[in-house]
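Observations on the model geometry
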Amino acid sequence: MSTDRLYYNASALDALEFAGTVTDIRLDSKDATSQLWQLSLERTAFYPTGGGQPHDLGTLTAVSRSGAVLEVPVERVEEDETGEVWHYVRKPLVQGTEITGRIDAERRLDLAQQHSGQHLLSAVVLRELSASTVSFHLGADKVTIDLAIPALTDDDLRRIELAVNREIYADRAIRPRWVARDEAEAMLARGDLRKLPEREGPMRLVEIEGIEHNACGGTHVASTGVIGSILLRRTEKVKQGTRVEFCCGLRAISAARRDFDLLRQTGALLSVGAPDVPSRVEKLLQDAKASAKELKALKKAAEPVPGMHNPER
Ligand SMILES: [Zn+2]
């Protein structure tokens, strides 16, 4: 049986609290010693790991007949091949228990900002550089996309970063909707959709107004403005093209803050302001090189000539 997913028809910051009933419980066979239980609910707002995006965290709260409140943290959320969503918890809640589920809002916002930012970044890269996105990875401290392009210049990076930030400020609506398979196929044929998953049945399309439609089951913010900002970081050559590391929202602010603090500390050590750090370091490296050369010459001059008697010994 597949679980009804409340996040499908809402934006990422809606439906963060929901009522549900435990439909099944089983002991996680891979983790029998630590008593990790898997619970299914007839409906859930918890996003399970998938599509390159990590699962939500949060709690399930149950109230006993005596009125005692039991709050159980959800440690992991996975879906099985039938579409059932399993919530991993340390305390068992028996079948039929009524629960209130609460999603960790801060983590949900962070993940939805990175994920929605990736949609926008991929669309802008396609528009500006005609390069498609091959894969996406959203980690706890690193977000990357792989682009089907041999290389990106620093100028490309700056141009794309600015263009994506402009689309963020344009605050375009992001809306999920369901369409029948044949409608999605017609959109694909017209070029309104880039690709379609193999799966049969209705498709969930996510539209960024005026930018793109994408078949996607993830969590998205309600408009591009909520992405906040995007910062493109390093690039790396990979087998399928170029990997670009990026961050959105508060992650972008934290990354910029960390970099600035490092630069300021380095400047203080060198007694120069941040803009003069590179030239100061260059000068120090040149001086060090010259000193090493001088030292080598002095050592060579001080070496005893082989075969000559040394009067001091
Ligand atoms: Zn998506």
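Look a little higher up for the structure.
This report concerns the structure included in the present document. Note that residues are indexed from 1 along each chain, following the sequence as it is written. Residue-level local features of this predicted model are given only where pLDDT is at least 70; pairs of side-chain atoms are given and counted only at 80 or more, and the full residue set underlies all totals for whole chains, interfaces and linings. The side-chain figures draw on all heavy atoms in the structure; neither hydrogens nor water molecules are used.

1. Side note on the packing of aromatic side chains
Each Phe, Tyr or Trp ring, with Trp reduced to its six-membered ring, pairs with another whose centre is within 6.5 Å; inter-plane angles below 30 degrees give stacked pairs, above 60 give edge-to-face pairs, and intermediate values give tilted ones. Tallied over the full model, the rule gives four aromatic pairs. Ring geometry for Y7 and Y47: centres 5.4 Å apart, planes at 70°, overall edge-to-face. Here Y7, found in the loop between strand 1 (4-5) and strand 2 (17-27), pairs with Y47, found in the loop between strand 4 (43-44) and strand 5 (58-63); they are 40 residues apart in sequence, far enough to count as distant. Across the pair, Y47 and Y7 agree in class, each one buried. A ring pair is formed by Y8 and W178, whose centres lie 5.2 Å apart and whose planes are at 70°; its orientation type is edge-to-face. Linking Y8 in the loop between strand 1 and strand 2 with W178 in strand 12 (residues 174-179), this pair joins segments that are 170 residues apart in sequence. Numbering goes from the N terminus for both helices and strands, where a helix is a DSSP run of H or I of at least four residues and a strand is a run of E of at least two. The buried label goes to any residue with under 20% of its type's maximum accessible area, the exposed label to any with over 50%, and the partly exposed label to all in between, with areas taken from a 1.4 Å probe on protein chains only.

2. Regarding the coordination of the zinc ion
Sites may look incomplete, because water is not among the atoms used; the donor set itself consists of N, O and S atoms within 2.8 Å of the metal (3.2 Å for Na, K and Ca). Taken together, H115 (NE2), H119 (NE2), C216 (SG) and H220 (NE2) make up the protein donors of the zinc ion, found 2.0 to 2.2 Å from the metal. Each label reflects the angles at the metal, where four donors whose angles all fall between 85 and 135 degrees are tetrahedral, four or six donors whose opposite pairs open beyond 155 degrees and whose other angles stay between 65 and 115 are square planar or octahedral respectively, and the rest are irregular. Here the zinc ion is ringed by four donor atoms whose angles at the metal span 98 to 123°, and the overall shape comes out tetrahedral. Sequence positions of the donors to the zinc ion reduce to the motif H-x3-H-x96-C-x3-H. One end of the pair, H119, is in helix 1 (residues 105-129); the other, C216, is in the loop between strand 14 (212-215) and strand 15 (230-238), and 97 residues separate them in sequence. A relative accessible area of 15% places C216 in the buried class.

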